[in-house]
Amino acid sequence: MIDKDGYRPNVGIVICNARNEVFWGKRVRQDSWQFPQGGIKHGETPELAMFRELREEVGLRPEHVRILGRTREWLRYDVPREWVRREWRGHYRGQKQIWFLLRLTGRDIDVSLRATEHPEFDAWRWNEYWDPVKAVVEFKQEVYRLALEELEHFLQVDSHGRPRQHHGHGIRTHNGRC
């Protein structure tokens, strides 16, 4: 389902833990990390699509998370032409996304990257809130920045307006068997 401007409706999912670190998933068999995301099917609301994608990609169910907020409007990014399937060229430009910020209320062990037959990620870790903006593939960096800026106010913040985070824990990476 591509809109008249060439954008596919999609949801982006930022999952944070109690330390306001964010879930960061490694794409299967790639050295590429990103937030969970996925298309909105015909007849689905963004919220329903988010819960479906959350289950498919991360193995979490609604009882494992609490919605803290979402972006008000669509955020768009263009996909480089060489990344677009040949049959879509000419009418596909990229993704338009509604982003959700979730608080993990369950435990790390509730994450299951093998919840479906076609996993998206084969490892995951908790990252500092802003780290993904620089770490994601270049053409997604601006949409990540915009989403995190808009969602940031839903987190507890310090006196400088920054998310409260506990530093010094290091990065904990989990393989797909978690």
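What you see is a predicted model; the values in this text were computed from it and never measured.

Q: Describe in detail the overall build of the chain, supporting the description with residues and values.
A: Each helix and strand counted, the chain has three helices and nine strands in total. Of the regular secondary structure in the chain, the N- to C-terminal order runs β-β-β-β-α-β-β-β-β-α-α-β. Expressed as a percentage of its 178 residues, the buried residues of the chain come to 50%. By sequence separation, contacts in the chain at least 24 residues apart represent 73% of the contacts at least 6 residues apart.

Q: Tell me what's going on with helix α3 (residues 141-151), and back it up with residues and numbers.
A: Buried within α3 are the following residues: V143, Y144, A147, L148, E150 and L151. Buried residues of α3, seen end-on, are gathered within an arc of 165° and therefore sit on one face of the element.

Q: Account for the pairing of strand β1 (residues 7-16), with residues named and values stated.
A: Burial within β1 is extensive, with nine of its 10 residues counted as buried. Two strands pair when backbone bridges link them, and β1 and strand β4 (residues 37-39) are joined in this way by three bridges, in the antiparallel orientation. Residue N10 lies in a different strand from β4, and its bridge partner there is G39.

Q: Outline the pairing of strand β8 (residues 121-127), listing residues and values.
A: Counting buried residues along β8, seven of its seven residues qualify, which places the element largely inside the surrounding structure. One ladder, built from six bridges, connects strand β2 (residues 22-27) with β8; its direction is antiparallel. Residue pairing in the sheet places G25 in a bridge with W124 of β8.

Q: Explain the side chain of N17 residue by residue, including any values.
A: Mapped onto the fold, N17 is located in the loop between β1 and β2. A polar contact of 2.9 Å, which involves the side chain of N17, links it to the backbone nitrogen of R19.

Q: Lay out the nonpolar core in plain terms, naming residues and giving numbers.
A: Grouped together as the largest cluster of nonpolar side chains are 25 residues, with contacts concentrated most on V14, F35, W99, L101 and Y144. Within the residue set of this core, elements represented by two or more residues are β1, β2, β6 (75-78), β7 (94-104) and α3. A total of five residues in this core trace back to one element, the largest contributor, which is α3. Within the second largest apolar cluster, 21 residues are counted, among which are A49, V111, L113 and F121.

Q: For the environment of L102, give the residues involved together with the corresponding values.
A: On the secondary structure map, L102 appears in strand β7. Since its relative accessible area comes to 0%, L102 is described here as buried. With near-sequence residues (within four places) excluded, L102 lies in contact with I13, V14, I15, C16, M50, L54, V65, R66, I67 and L68.

Q: Give a description of helix α1 (residues 46-58) that names residues and reports values.
A: The terminal C-alpha atoms of α1, which comprises 13 residues, lie 17 Å apart, in line with the 18 Å expected from a rise of 1.5 Å per residue. All of the buried residues in α1 are P46, A49, M50, F51, R52, E53, L54, E57 and V58. Buried residues along α1 sit against β1, β2, β4, β5 (65-70), β7 and β8. G59 sits one or two residues past α1 and shows a positive phi near 80°.

Q: Could you give me a rundown of the pattern of salt bridges, with the residues and numbers involved?
A: One pass over the full model with this rule turns up 14 salt bridges. The salt bridge involving R19 is made with E21; its shortest N-O contact spans 3.1 Å. Exposure remark for R19: the relative accessible area of 23% places this residue in the partly exposed category. Note that D78 is salt-bridged to R93, the shortest N-O span being 3.2 Å. One end of the pair, D78, is in strand β6; the other, R93, is in the loop between β6 and β7, and 15 residues separate them in sequence. By relative accessible area, D78 is classed as partly exposed at 36%.

Q: Could you give an account of the layout of surface pockets, naming the residues involved and the relevant values?
A: The calculated volume of the largest pocket comes to roughly 830 Å³. Elements that contribute at least two residues to the lining of the largest pocket include exactly β1, β3 (33-34), β4 and α1. Considering only residue class, the lining of the largest pocket consists of nine nonpolar, 10 polar and eight charged.

The rules behind the values
- Residues numbered from 1 in each chain as written.
- Predicted model: local features only at pLDDT ≥ 70, side-chain atom pairs only at ≥ 80, totals over all residues.
- Heavy atoms only, no water.
- Helix = DSSP H or I, 4+ residues; strand = E, 2+ residues; numbered from the N terminus.
- Buried < 20%, exposed > 50% of the residue type's maximum accessible area, 1.4 Å probe, protein only.
- Contact = heavy atoms within 4.5 Å.
- Arc of directions from axis to C-beta.
- Pairing = 2+ DSSP bridges.
- Polar contact = N/O pair within 3.5 Å; in protein donor to acceptor, adjacent residues only side chain to side chain.
- Core = buried A, V, L, I, M, F, W, Y, C linked by side-chain atoms within 4.5 Å.
- Expected span 1.5 Å × (residues − 1).
- Salt bridge = Lys/Arg side-chain N within 4 Å of Asp/Glu carboxyl O.
- 1 Å grid on protein atoms, 1.4 Å probe; cavity = no way out; pocket = protein on both sides within 12 Å on 5 of 7 lines; lining within 4 Å.
- Points joined across faces, edges and corners; volume = space filled by probe spheres on them.
- Nonpolar A, V, L, I, M, F, W, Y, C, P; charged D, E, K, R; others polar.

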